[in-house]
2 protein chains.
Amino acid sequence: MRRDSRLSVALHVLLHMEELGPVVTSEAIGRLMKANPVVVRRTMGGLRDAGIMCSAKGHGGGWSLARKLDSVTLADVYEALGMPALFSIGPRHESPGCLVEQAVNGALGKVLGEAEALLMKQLRSTSVADLARSVQRGAARSAKKGTATHV
Amino acid sequence: MRRDSRLSVALHVLLHMEELGPVVTSEAIGRLMKANPVVVRRTMGGLRDAGIMCSAKGHGGGWSLARKLDSVTLADVYEALGMPALFSIGPRHESPGCLVEQAVNGALGKVLGEAEALLMKQLRSTSVADLARSVQRGAARSAKKGTATHV
DNA sequence: GCCTCATGCCACTATTTATGTTACATGAGT
DNA sequence: ACTCATGTAACATAAATAGTGGCATGAGGC
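Thresholds applied
- Residues numbered from 1 in each chain as written.
- Chains lettered and ligands numbered in written order.
- Predicted model: local features only at pLDDT ≥ 70, side-chain atom pairs only at ≥ 80, totals over all residues.
- Heavy atoms only, no water.
- Helix = DSSP H or I, 4+ residues; strand = E, 2+ residues; numbered from the N terminus.
- Rg over C-alpha atoms; globule rule 2.2 N^0.38 Å.
- Buried < 20%, exposed > 50% of the residue type's maximum accessible area, 1.4 Å probe, protein only.
- Contact = heavy atoms within 4.5 Å.
- Areas by Shrake-Rupley, 256 points an atom, 1.4 Å probe, with all protein chains shown as cover.
- Lys, Arg positive; Asp, Glu negative; His and termini not counted.
- Charge placed at Lys NZ, Arg CZ, Asp CG, Glu CD.
- Near = heavy atom within 4 Å.
- Polar contact = N/O pair within 3.5 Å; in protein donor to acceptor, adjacent residues only side chain to side chain.
- Least-squares fit on C-alpha atoms with pLDDT ≥ 70 in both.
- pLDDT = per-residue confidence, 0-100.
- Nonpolar A, V, L, I, M, F, W, Y, C, P; charged D, E, K, R; others polar.
- Pairing = 2+ DSSP bridges.
- Buried area = accessible area lost by both parts, 1.4 Å probe.
- Salt bridge = Lys/Arg side-chain N within 4 Å of Asp/Glu carboxyl O.
- Core = buried A, V, L, I, M, F, W, Y, C linked by side-chain atoms within 4.5 Å.

Named according to an unreviewed UniProt entry, chain A is Rrf2 family transcriptional regulator originating from Corallococcus sicarius.

Here is the structure:
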């Protein structure tokens, strides 16, 4: 697959939860995400273990929010997913003997590390509830002047 | 393969060029990088097209520097490689119809974009010659107090 | 002029990772 | 009992980098 979209999917699911009702099945989520229900369960399993969502088996079961979305940051969701790798570039060897390669790894590692720190800082400073508010703003905007795709 | 290591390899090669002599074959480079000569040619081909390196066929041919390393930034090398994707995470759909997904994409795209901007800024502000100097510093350090692997 | 060396390029394989899919067990509710 | 939904295992699919062999091309040396 091209890129890891689990964070995108997990956030998308969280934002739909309140709208869709207190309990939603993996199958319904899968339809929304255009994804397989098993993939949904796999992805959301981390959120359950992290105490962000609940899952219930059996008749009337499904997924529900375990806590308010203003207490969940994007970083919480990212960590709940197991902190998948952020970058697709990286060093060739982890612990090279070559001094030159060590220097290259050090320099690139430092640059990537700072970019990651900035990224994580922003993920920590944004709650899923913040995101929900931006959805409302976006909806208002697109209602006024037509849809505008972003990114 | 785990991650894209072309930037790492290209920088490693550039830093070894002056030391190895004016002309180096793909096969010799491949030995240093523990990589296949064809992979070396593929990777370095971009640097040739970007005017960073020269390649010569035939007897006595091989790779050589096309200009001084203080005129080449890490960003130049990255662009010469075709600007491979930096992040391994991203949106699930590029242009979703769902407003919620649009907002998620927008928010994540903004965060990733800022991290990328910081990354590129640092790549632009570092020349390969700067890296070479850090190699010398690293060598001096490890000569004094034993090897210390980084990253 | 022929031979050798090295790049350029092609096609194919190997490896890794996220995602898709099927199948089956478990447990909750009617 | 029967049905529904999760949990999980096992395998298939897709995409990208890296590895590999083969062949054409061109530059030097003899």
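K.L.:
Break down the overall build of chain A for me, citing the residues and quoting the values.
P.N.:
Check the secondary structure of chain A and you find six helices and two strands. Secondary structure of chain A in N-to-C order comes out as α-α-α-β-β-α-α-α. Scaling as 2.2 N^0.38, a compact globule of 151 residues should have a C-alpha radius of gyration of about 15 Å, whereas chain A reaches 19 Å, well beyond that. Projected onto its principal axes, the C-alpha positions of chain A cover 60 × 45 × 30 Å. Across the 151 residues that make up chain A, the buried fraction comes to 48%. Across chain A, contacts joining residues at least 24 apart in sequence account for 64% of those joining residues at least 6 apart. Accessible surface, chain A: about 7900 Å² in total, of which carbon and sulfur atoms supply 53%. Here chain A holds 20 positive side-chain charges and 13 negative ones, and the gap between their average locations is 7 Å.

K.L.:
How would you sum up unusual backbone geometry? Please name residues and give values.
P.N.:
Even without a glycine there, the phi angle at A:Lys34 is positive, about 55 degrees. The topology assignment puts A:Lys34 in the loop between α2 (26-33) and α3 (37-49).

K.L.:
Residues and numbers for the protein's contact with DNA strand D, please.
P.N.:
In the region of DNA strand D, 31 residues are neighbours, and A:Ser26, A:Arg48, A:Ser55, B:Arg6 and B:Gly58 sit closest. At 3.5 Å from a base nitrogen of DNA strand D is found a side-chain nitrogen or oxygen belonging to A:Arg42. A:Arg92 places a polar side-chain atom, nitrogen or oxygen, 2.9 Å from a phosphate oxygen of DNA strand D. Going through the elements one at a time, α3, β1 (53-56) and β2 (62-65) of chain A together with α3 (37-49) of chain B are the ones with two or more residues in the surface near DNA strand D. The element best represented in the surface near DNA strand D is α3(A), accounting for four residues.

K.L.:
Describe the relation of the copies chain A and chain B, and please don't skip the residues or the numbers.
P.N.:
By a simple turn and slide, chain A fits onto chain B: the slide is 0.0 Å along the axis, the RMSD is 0.1 Å, and the turn is 180 degrees. When the rotation and shift are considered jointly, the pair of chain copies conforms to a two-fold rotation axis.

K.L.:
Tell me about the confidence of the model for chain A, and please be specific about residues and values.
P.N.:
Confidence along chain A averages 90 in pLDDT terms, with 92% of residues attaining 70 or more. Every residue in residues 147-151 of chain A is under pLDDT 50, and counting partners more than four places away or in other chains gives eight contacts.

K.L.:
Just give me the short version of the protein's contact with DNA strand C, but keep the residues and values in it.
P.N.:
Not every one of the 28 residues close to DNA strand C is listed here, only the nearest: A:Ser5, A:Gly58, B:Ser26, B:Arg48 and B:Ser55. Among atoms of DNA strand C positioned within 4 Å of the protein, sugar and phosphate together represent 64%. Interatomic distance of 3.3 Å between a side-chain N/O atom of A:Lys57 and a base oxygen of DNA strand C. Within the contact set of DNA strand C, a sugar or linking oxygen lies 3.2 Å away from a backbone nitrogen or oxygen of B:Gly58. At the level of elements, α3 of chain A together with α3, β1 (53-56) and β2 (62-65) of chain B are the ones that each hand at least two residues to the surface near DNA strand C. At four residues, α3(B) tops the list of elements feeding residues into the surface near DNA strand C. Broken down by class, the residue content of the surface near DNA strand C amounts to seven nonpolar, eleven polar and ten charged.

K.L.:
Tell me about the pairing of β1(B), and name the residues and values.
P.N.:
All names here are of chain B. The pairing of β1 with β2 spans four bridges and is classified as antiparallel. Looking at the pairing, Ser55 lines up with Trp63 of β2. Between β1 and the antiparallel strand that follows it, β2, lie five residues; Gly58 among them carries a positive phi value of about 75 degrees.

K.L.:
Would you mind going over the side chain of B:Thr43 in detail, with residue names and values included?
P.N.:
All names here are of chain B. When you line up the elements, Thr43 lands in helix α3. Thr43 sits in the buried class, given a relative accessible area of 8%. Excluding residues that lie within four positions of it along the chain, Thr43 makes contacts with Arg6 and Leu81.

K.L.:
Can you lay out the interface of chain A and chain B for me, pointing to particular residues and giving the numbers?
P.N.:
Contact with chain A, which involves 54 residues of that partner, is made by 53 residues of chain B. At the boundary of chain A with chain B, total buried surface from both sides reaches about 5100 Å², with 67% on carbon and sulfur atoms. Among the residues of chain A in contact with chain B, A:Arg3, A:Ile89 and A:Arg92 are the three that bury the most area, contributing 12% of the side total. Our count for the contact surface shared by chain A and chain B stands at two salt bridges. Salt-bridge contacts for B:Arg3 lead to A:Glu94; the nearest nitrogen and oxygen are separated by 3.5 Å. Among the secondary structure elements, those contributing two or more residues to the side of chain A that touches chain B are α1 (6-20), α5 (99-124) and α6 (128-145) of chain A. Of all the elements, α5(A) adds the most residues to the side of chain A that touches chain B, at 19 residues.

K.L.:
Any chance you could break down the pattern of salt bridges for me, citing the residues and the numbers?
P.N.:
Note that side chains of opposite charge can pair when their charged atoms are close. Evaluation of the coordinates by the stated rule reveals twelve salt bridges over all chains. Here B:Arg48 ties to B:Asp49 by a salt bridge, and the two come within 3.4 Å at their closest N and O atoms.

K.L.:
Which residues make up the nonpolar core, and what are the values?
P.N.:
The nonpolar side chains of a soluble globular protein tend to be buried, and buried together. Of all hydrophobic cores here, the largest spans 86 residues; its most connected members are A:Leu47, A:Val77, B:Leu47 and B:Val77. Those residues in contact with A:Leu47, other than ones at most four positions away along the chain, are A:Ala10, A:Leu14, A:Ile52, A:Met53, A:Val77, A:Ala80 and A:Leu81.

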